[in-house]
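# Remarks on the overall topology
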Amino acid sequence: MSNANRTHVVETLYALAHLAPDAQRLKCVKLGCGVLVQSTLTRYNGDVKVARGACGTLANLAIAADNRVPMVRDGAHVAVMQAARVHSGDVVVAQQACAALQHLTIAADNKVQLVRDGAHVAVMAAARAHADDALVAMAACHALWYMALAPHNQVPLVRDGAHTAVMAAARTHAGDMGVAWRACAALLALAAADDNQVPLMRDGAHTVVMAAARAHTDNLEVAQVACGALGNLAIADDNRVPLVRDGAHVAVMAAARAHAGDVLVAQNACGALQNLADATDNKVPLVRDGAHVAVMAAARAHAGDVEVVRHACATLANLAAATDNGVPLVRAAVHTVVMAAARDHIGDMEVAGWACLTLARLAGTGISDYLVSLVRDGAHTVVMAAARTHSGDAKVVLAACGALRNLASAADNMVPLVRADAHHTLMAAVRTHTGDVDVAVTVCGALYNLAIADDNRVPLVRDGAHVAVMAAVRAHGDINVWTSAFEMLFILLHAASCRDGLVRDGVGEFLRFVCDRQVADSPLQGHCRRIAELLSQ
């Protein structure tokens, strides 16, 4: 090619590389400019200036959304990848080629084809060859991020080392916010695949994300994707304890504090803490480091966002499962947050379930004064409302009944609970979920607790609590159901004011029938003897 021709080609390409706006870019592709540029690249593939101009032009044309699919269909990505290979030592070609592939991979219909055709390999090679160039690193990470948004691509990308490329870029350009954000976003997308989470953790992806979050604490975009990436990594059971040991929760909590007003940070931070709190060995360290305080603050700040509230309530429920966390959680008044959440989002089954489970576990601490304060603050009304609203969901109902059972273990709560019709909620639960043994055990235990109070026995019999527990015994052969039911019926029979009604409803015959079927060494034989003595009086 003569110098004059070469100069003309390069000048034309550079003009096209700065073409704007999108209407002009679309017109250009429709007229075949994209294909012409590709053929020029092929014809003058050894000319670096042509390669720079051609890759820059294709990158510019791909800015227009409606050009991306046609350009890939015409092979623009193949031409760009070839130019990047031929001129692998030229940083400008690398910058423009990665930018072109970045724009092309934005289109959902292009993502899988680009990976299948090796676009990820091309940008990784460019990032390695020009490791010190921030623009190449930024474009490469951006392209790999967009590719990783397609679930079909995620495992192949990690298998081919895409994560190591973005991690290297993030380490080399630790002070560059643009690289940090894109690298964390790519790792977030890659970690969405279950099969990637353990390999990513093993290769140190979490340390890169945490370092980026620390280096760019004031940047909202970095905080959003860093919390999301750590949350995805924490989905894998095997990652949770190492993540807490390495301080992932501290990074997440710091981001949530620094960007307290951002709902996406709150969602991702609370989601990460929920996953981390699912591991038994993490529960106490997380509370010690204030994870409960962080999710409570997020739930208050974003009370109207159901996703934040779900994650916050789930985290608190997970943390409350550890006995050693009871006192700190009680002291922090965790119940106020989950109660407010349940009231605000009563129609959301997940919020209702997690809130009831948290209250059940908090009430299981057995701290009498605290249990009384829970009822005084209306915890029982919250769980009763949840059980009514989601009466068909066994998990919500079981958690609500568990909360009522534990609240009823405090003597000062028993009468107020019956006065508030807690027994009706319990009876409705065991009727609706007749075949669920866990519901039966919990309801019978709760009704037994309520029956301990003298003033409750007449209302309980009047409203048919004895009928409910008799039905539970008939439905289940579970020793725990039978024991709680027998103890409750024994207490009710012990009250002279209730005995005639119980006998009239067939309690005596029912108990004799059941006791006659117990073997001599059955744990229930003692109950049978005591009941027989009462009935004979």
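Residues numbered from 1 in each chain as written. Predicted model: local features only at pLDDT ≥ 70, side-chain atom pairs only at ≥ 80, totals over all residues. Heavy atoms only, no water.

## Concerning the overall build of the protein
Secondary structure assignment for the protein yields 37 helices and zero strands. Rg of the C-alpha trace for the protein: 33 Å, well past the compact-globule value of 24 Å for 537 residues, more than 25% over. Out of the 537 residues belonging to the protein, those deemed buried represent 59%. By sequence separation, contacts in the protein at least 24 residues apart represent 75% of the contacts at least 6 residues apart. Accessible area of the protein: about 21900 Å², with a carbon and sulfur share of 53%. Here the protein holds 43 positive side-chain charges and 48 negative ones, and the gap between their average locations is 3 Å. (Helix = DSSP H or I, 4+ residues; strand = E, 2+ residues; numbered from the N terminus. Rg over C-alpha atoms; globule rule 2.2 N^0.38 Å. Buried < 20%, exposed > 50% of the residue type's maximum accessible area, 1.4 Å probe, protein only. Contact = heavy atoms within 4.5 Å. Areas by Shrake-Rupley, 256 points an atom, 1.4 Å probe, with all protein chains shown as cover. Lys, Arg positive; Asp, Glu negative; His and termini not counted. Charge placed at Lys NZ, Arg CZ, Asp CG, Glu CD.)

## Quick look at the environment of Asp516
Relative to the helices and strands, Asp516 resides in helix α36 (residues 507-516). Along the primary structure Asp516 and Met71 are separated by 445 residues, whereas in three dimensions their C-alpha atoms are 83 Å apart.

## Some details on the packing of helix α19 (residues 263-276) against helix α21 (residues 291-301)
The N-to-C vectors of α19 and α21 enclose an angle of 145°; their axes lie 10 Å apart at closest approach. Note on packing geometry: the crossing formed by α19 with α21 is left-handed. Contacts between α19 and α21 involve Ala266, Cys270 and Leu273 from the former and Ala291, Ala294, Val295 and Ala298 from the latter. Broken down by class, the residue content of the contact of α19 with α21 amounts to seven nonpolar, no polar and no charged. (Axes fitted to C-alpha atoms, helices over the stretch in contact; angles between N-to-C directions. Left-handed = near helix turned anticlockwise from the far one by under 90°. Nonpolar A, V, L, I, M, F, W, Y, C, P; charged D, E, K, R; others polar.)

## Remarks on helix α13 (residues 177-190)
Taking 1.5 Å of rise per residue, 14 residues should cover 20 Å, and α13 covers 20 Å from first to last C-alpha, within 8% of that figure. With eleven of 14 residues buried, α13 lies mostly within the body of the structure. All of the buried residues along α13 are Gly178, Val179, Ala180, Arg182, Ala183, Cys184, Ala185, Ala186, Leu187, Ala189 and Leu190. Looking at the buried residues of α13, the elements they touch are α10 (134-148), α11 (151-159), α12 (162-172), α14 (194-202), α15 (205-215) and α16 (220-233). For α13, the N-terminal cap is Asp176; the gap from its side-chain oxygen to the backbone nitrogen of Gly178 is 2.9 Å. (Expected span 1.5 Å × (residues − 1). Polar contact = N/O pair within 3.5 Å; in protein donor to acceptor, adjacent residues only side chain to side chain.)

## Side note on the environment of Leu316
Note on placement: Leu316 falls in helix α22 (residues 306-319). Residue class for Leu316 comes out buried when judged on its relative accessible area of 0%.

## Quick word on the layout of surface pockets
A probe matching the size of a water molecule, rolled over the atoms, marks out where space remains unfilled. If you add up the space inside the largest pocket, you get close to 330 Å³. Along its surface, the largest pocket is lined by 15 residues, and Gly353, Leu357, Lys395, Val396 and Ala399 are the ones closest to its centre. For the lining of the largest pocket, the secondary-structure elements that each account for two or more residues are α25 (349-363) and α28 (394-407). The biggest single contributor to the lining of the largest pocket is α28, with seven residues. For the lining of the largest pocket, the per-class residue count stands at seven nonpolar, four polar and four charged. (1 Å grid on protein atoms, 1.4 Å probe; cavity = no way out; pocket = protein on both sides within 12 Å on 5 of 7 lines; lining within 4 Å. Points joined across faces, edges and corners; volume = space filled by probe spheres on them.)

## Here's the deal with the pattern of salt bridges
Close approach of charged atoms lets side chains of opposite charge pair. Scanning all chains against the criterion turns up seven salt bridges. For Arg52, the salt bridge identified is with Asp90, shortest N-O distance 2.6 Å. Of this pair, Arg52 sits in helix α4 (residues 48-61) while Asp90 is found in the loop between α6 (76-86) and α7 (91-104), placing the two residues 38 residues apart along the sequence. Taking the relative accessible area as the measure of exposure, Arg52 reaches 25% and is therefore partly exposed. Here Asp90 falls in the buried class, since its relative accessible area comes to 12%. (Salt bridge = Lys/Arg side-chain N within 4 Å of Asp/Glu carboxyl O.)

## Concerning empty space enclosed by the protein
A full pass over the atoms with the stated rule returns one cavity of 30 Å³ or more. Lining the largest cavity, in full, are Val29, Gly34, Val35, Gln38, Met71 and Asp74. At three residues, helix α3 (residues 33-43) tops the list of elements feeding residues into the lining of the largest cavity. Taken together, the residues of the lining of the largest cavity break down into three nonpolar, two polar and one charged.

## Details of the nonpolar core
In this structure, Leu144, Leu187, Leu230, Leu273 and Leu447 are the most contacted members of the largest nonpolar core, which totals 199 residues. Here this core gets twelve residues from one element, more than from any other, and that element is α10. Look past the residues within four positions of Leu230 in its chain and what remains in contact with it is His206, Val209, Met210, Leu243, Ala248, Ala251, Val252 and Ala272. (Core = buried A, V, L, I, M, F, W, Y, C linked by side-chain atoms within 4.5 Å.)

## Observations regarding α4
Under the 1.5 Å per step criterion, the end-to-end length of α4 is 20 Å for 14 residues, consistent within 8% with the ideal 20 Å. For α4, a buried count of eleven out of 14 residues is recorded, marking the element as mostly surrounded by other parts of the structure. The set of residues buried in α4 consists of Val50, Ala51, Gly53, Ala54, Cys55, Gly56, Thr57, Leu58, Ala59, Asn60 and Leu61.

## Re unusual backbone geometry
Residue Pro21 is reached from Ala20 by a cis peptide bond, and omega for that bond is 0°. Checked against the element boundaries, Pro21 lands in the loop between α1 (3-17) and α2 (22-30). Of note, Ala333 is a non-glycine position whose phi angle comes to about 60°, a positive value. Secondary-structure assignment places Ala333 in the loop between α23 (326-331) and α24 (334-344). Here Asp421, not a glycine, exhibits a phi torsion of approximately 70°, which is positive.

## A closer look at the packing of aromatic side chains
The tally for this structure, following the rule as stated, stands at three aromatic pairs. Taking the centre distance of 5.2 Å and the plane angle of 25° together, the rings of Trp145 and Tyr146 count as stacked. The burial state of Trp145 is the same as that of Tyr146; both residues are buried. Measuring from ring centre to ring centre gives 5.4 Å for Trp145 and Trp181, while their planes differ by 75°; the resulting arrangement is edge-to-face. Taken as a pair, Trp145 in helix α10 and Trp181 in helix α13 lie far apart in primary sequence, 36 residues in all. Given the relative accessible area of 15%, Trp145 is considered buried. Since its relative accessible area comes to 21%, Trp181 is described here as partly exposed. (Phe/Tyr/Trp six-rings, centres within 6.5 Å; stacked < 30°, edge-to-face > 60°.)

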